[in-house]
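Analysis of the macromolecular model
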Amino acid sequence: MPIPGNMLSSVVEMVDPNISGWTTMLNSTIGHGSGGRVGDGVLVMRSVAAGEVRARTVSSYPVVEGTVYQTLADASGATIPERIGIRWLNAANAEISITWSLTTATASTSWHRISVAGPAPVGAVRAQVVVSTTAAGALVINYFENFYLGLPIRITGNQLTFAAESPEIDTTAWAAESNGTLGRVAPAVSWAADFFTIGGHVWALTVTANGNASALCVERAPVVVGTDYMAVAYLNPPTSGSTVWIELRYYDAGGAQVSAIRSTLAAPGTGFYRQRASGPAPAGAATCGVAVGITGATAAQLVRFETVGVGPPAQLKAGSVLPYADASFEQGVGSWTKISGVATLARSTPWGSAAFEGSYSLAVSSSTASTSVIRSGRYPIQTLMTHRLRILEQNGTGTWQVGMGIRWYDAANNDLGVSAWVPLAVPTGPGWWGIGLTSDTPPAGATQIAAELTVVALSASAVLRLDGLSLYPTLPSMETAVVEPTGSITITLRDLTVGDLLRLYRVDASGNRALVRGPYGLWDGTDPIATDSMRIEDYEAPLGVPVGYRAELVDPVTGTVAWRELGAKTIPWPDPNRAWLKDPGNPQRNTAVTVAAQPSWTRPIEQAEYVVKNRRNKVTLSGVRQGREGEVQVWTHSDAERERLNWLLDSGNVLLWQTGPGLGVGDLYMTVGASGEDREGPAQDPVRIWKLPIVEADMPVTTGVNGSGGRTWQDVLSVYATWQAVQDAYGSWEAVLLDRRKT
């Protein structure tokens, strides 16, 4: 699949099926090789003689002066390291300059990432991608693939700027805090071919003298008191025994540090490992920041780190009251404590050895065959309704039983009792097993809640692992709601299994099914579920007739199908003189119009007539009669309606015409030809009559619904300092929503 946002074509990106997108630039010949990771093809660059060797893209791509762009690729070379650059061109296609990455620190035959980013310089209007090596002689070979050129690929929701997230531009967003110097290097590190938030450069903190050393991000992100935040980075310790860490720090409005939450890496080796630190913003906090460091270092040791982010952590279950530290155990045991028994609580070790979510789990150890009770902290609840506790469990050593409970408290912290299940055996086997408990109705006066587990070790020296805990209000697993102003129905699905495949059908009164559209096309069971809760907006539901919905959840391994169904909902259609014109892929452009005249139809057919000698009647050969063609006439009554209809028609996409039952038209997918706009009165009268020649079309099945996805206002604020900068970068609010910047 092409890299999202890539300005390069798939042929240039993947070097498949040929090298037509690439050309020699300096002291090189190029060829088409095999063995790539994103398709078989790779770019082979050979030196002609000793010296620098370059190849570049054939085409150049439009850029905006001052905007930051990033290029990256995967490279492999047995004898010499590589670098990558962005070649900036002016309006005459003359080179202005090249923004180069550092040369990879060592040569490596393993595929490794090379990357660089920088602002387009003054006068730049186009750019090319350039790769370079320096050969000791002729016929030295390097390989490249998986190319990208475009806007920087960011961690979604990161409240830091790209300069603080990655050192692809420079190191100015970070500074040495104590006992060290800070720079950047370009190690030859292998990453997954589709992992694009990681780059080629990493920060390098060099320890000055024996002792502790740290680096601090100079940026601060705003916070809301009581809201959970998380800092994340990839850490590379100098040795597997080094104590390296990341801290989430909170500051008051004056910039004084209020608190710090440290998360220490339990490194299994000397690679790059993602480490997280999280916790709610305390009273008095106004901003947060990130620090990285090492404890007990020796002089000249190097701590490297990459891909730093700050923002609210993803909820493991929508609506869960458990903060991330108490649900995923990335930095310790959170607020969990032992209430009774001999069990001890600890974070699993090392990194990645035992985890379902993140890199660690909660390890419960019991020295004897006995029962213990462990409990989380208390958390406020927003509603007096039943709650559900869900855990993931695994026998580490020995065998266990686990009983689940939800304990209630009032505002004065008085214990109001517990909803509990008796302990059940943890299933045997190497995998993780999910189990849930739904509470009784909360007692009167309950304002707080805690999770409680009764853990029974059936043998001595036993270890139980827990991860991915959530405690959340129980809501229907499937809901639908009519949204009359947009002529749509919203379907909400909850308690989903991430990774399952979804088929979602709209079902009419006769039982006929039609697939509902999603972001990648129709929800036809080919796209995996990414979150435990989904809200899907069906803008193609018919008007004035009842429709229900059926969701089929498919296990991608076994093919087992679980299903949910809901009864009929009807979108009101009170005015038969009104109709909806909709763009299936861009519902933000949909508009309701007044019908001036219902269409009359023709259905053309291809025919050939032959006159046969001595035969009275002609012989006619016919093709299949085609779909309907005709003209729709609609009114707009204001300049705003006129502009909106023009906006809808501008794309030339297949549109959906919707009227209610009884008019003989119903729902019709169509293409619109040359649109006519006439005045019925004087020039100052805003009323217009539109004549739209239409041709019936098939429903587009691969068109996805455009939307912002995980994009938030914070993603805009992390890039642009002022609203003027936003206006300069985007041509419309729709472009802001979809992150389609001017080119």
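Look up a bit, the structure's there.
Attention here is on the structure that accompanies the text.

Each value, and the rule that gives it
- Numbering of residues starts from 1 in every chain and runs along the sequence as written.
- This being a predicted model, a pLDDT of at least 70 is required before a residue's local features are given, and a value of 80 or more before pairs of side-chain atoms are given or counted; all residues contribute to the totals for chains, interfaces and linings.
- Heavy atoms throughout the structure, all of them, feed into the side-chain values; hydrogens and water do not.
- What counts as a helix is a DSSP run of H or I of at least four residues, what counts as a strand is a run of E of at least two, and both are numbered from the N terminus.
- We call two residues contacting when some pair of their heavy atoms lies within 4.5 Å.
- With residues, only the protein chains shown are counted as cover, and all accessible areas are computed by Shrake-Rupley using a 1.4 Å probe.
- Two residue types count as positive, namely Lys and Arg, and two as negative, namely Asp and Glu; His and chain ends fall outside the count.
- Throughout, a charge is located at the NZ atom of Lys, the CZ atom of Arg, the CG atom of Asp or the CD atom of Glu.
- Put simply, buried Ala, Val, Leu, Ile, Met, Phe, Trp, Tyr and Cys residues joined by side-chain atoms within 4.5 Å make one nonpolar core.
- The buried label applies to any residue whose accessible area, calculated with a 1.4 Å probe on protein chains only, is under 20% of its type's maximum; exposed applies above 50%, and partly exposed to all values in between.
- Pairs of strands are assigned from DSSP output, requiring at least two bridges between the strands.
- Comment: axis = line fitted to C-alpha atoms, over the contacting stretch for helices; angle = value between 0 and 180 degrees taken between N-to-C directions.
- We count a salt bridge whenever a side-chain nitrogen from Lys or Arg sits within 4 Å of a carboxyl oxygen from Asp or Glu.
- For this analysis, a polar contact is any N or O atom pair within 3.5 Å, provided that within protein one partner can donate a hydrogen and the other can accept it, and provided that sequence-adjacent residues contribute only side-chain to side-chain pairs.
- The rule is short: rings of Phe, Tyr and Trp, with Trp giving its six-membered ring, pair when the centres are within 6.5 Å, and they are stacked under 30 degrees, edge-to-face over 60, tilted in between.
- Either the NZ atom of lysine or the CZ atom of arginine qualifies as a charge over a ring when it sits within 6 Å of the ring centre and within 35 degrees of the ring normal.

Notes on the overall build of the protein chain
On a plain count of helices and strands, the protein chain comes out with seven helices and 54 strands. C-alpha atoms of the protein chain, sized along the principal axes, occupy 105 × 80 × 60 Å. Within the protein chain, counting contacts between residues at least 6 apart in sequence, those at least 24 apart form 72% of the total. Summed over all atoms, the accessible surface of the protein chain reaches about 31800 Å², with 53% contributed by carbon and sulfur. A distance of 3 Å separates the average location of the 53 positive side-chain charges in the protein chain from that of its 63 negative side-chain charges.

Topic: the nonpolar core
Of all hydrophobic cores here, the largest spans 39 residues; its most connected members are Trp174, Leu248, Tyr250, Val290, Phe305 and Val308. Contributing elements (two or more residues each) for this core: α2 (162-165), β14 (202-207), β15 (211-217), β17 (228-236), β18 (243-251), β20 (273-280), β21 (287-297) and β22 (302-311). For this core, the leading source of residues is β21, giving five residues. When near neighbours in sequence (up to four residues on either side) are disregarded, Val290 contacts Leu160, Trp174, Leu216, Cys217, Ala231, Ile246, Glu247, Val308 and Val310. Core analysis: the next-biggest nonpolar cluster, separate from the first, contains 31 residues, Phe329, Trp336, Leu389 and Ile391 among them.

Side note on the pairing of β22
Among the ten residues of β22, eight are classified as buried, and the element is accordingly described as predominantly covered. Summarising the sheet, β14 and β22 pair through four bridges and their orientation is antiparallel. Each bridged residue has a counterpart across the sheet, and for Ala204 the counterpart in β22 is Arg304. Judged from the six bridges that link them, β17 and β22 form a sheet pairing that is antiparallel. Bridging across to β22, Tyr234 finds its partner in Glu306.

Remarks on the sheet that holds strand β42 (residues 534-538)
The strand order across the open sheet formed by three strands is β35-β36-β42, and the pairing between neighbours is antiparallel. The open sheet has two free edges, formed respectively by β35 (478-483) and β42, since each of these has just one partner strand. Adjacent strand axes in the sheet meet at a mean angle of 20°, parallel and antiparallel pairs treated alike. Here strand β36 (residues 488-493) pairs with β42 via five bridges, running antiparallel. Bridge pairing in β42 places Thr490 opposite Glu537.

Quick word on unusual backbone geometry
At the junction of Asp16 and Pro17, the peptide bond is cis and its omega measures out at 5° in the coordinates. Within the fold, Pro17 resides in the loop between α1 (10-14) and β1 (22-26). Residue Pro350 is reached from Thr349 by a cis peptide bond, and omega for that bond is -5°. You can see Pro350 is positioned in the loop between β24 (344-347) and β25 (362-366). Phi at Asp495 takes a positive value of approximately 55°, unusual for a residue other than glycine. Structurally, the position occupied by Asp495 is in the loop between β36 and β37 (501-508). The phi dihedral of Asn614 falls on the positive side, at around 65°, and the residue is not glycine. Here Asn614 shows up in the loop between β48 (607-610) and β49 (619-622).

Description of the sheet that holds β14
With antiparallel pairing, five strands are arranged side by side in an open sheet as β13-β14-β22-β17-β20. What marks the edges here is a single partner per strand, and that holds for β13 (180-185) and β20. Between one strand and the next, the sheet's axes are offset by a mean angle of 30°, whatever the strand orientation. Both β13 and β14 contribute to a ladder of six bridges, which runs antiparallel. Pairing of Gly183 across the sheet is with Ala204, part of β14.

With respect to the pattern of salt bridges
This structure, assessed with the given rule, holds 32 salt bridges. When the shortest N-O distance is used, the salt bridge between Glu540 and Arg517 registers 2.7 Å. You can see Glu540 sitting in the loop between β42 and β43 (546-554) and its partner Arg517 sitting in strand β39 (residues 517-518), a full 23 residues away along the chain. Each member of the pair, Glu540 as well as Arg517, is classed as buried.

With respect to the side chain of Gln394
One can find Gln394 in strand β28 (residues 387-397). A polar contact is formed between the side chain of Gln394 and the side chain of Arg465, at a distance of 2.9 Å. Discounting residues that sit within four places of it in the chain, Gln394 has contacts with Val426, Pro430, Gly431, Trp432, Val463, Leu464 and Arg465.

Topic: the packing of aromatic side chains
In total, this model carries 14 aromatic pairs according to the counting rule given. Across the ring face of Trp601, the terminal group of Arg628 is positioned such that the distance to the ring centre comes to 5.2 Å.

Spatial relationships are all this shows, so hold off on functional conclusions.
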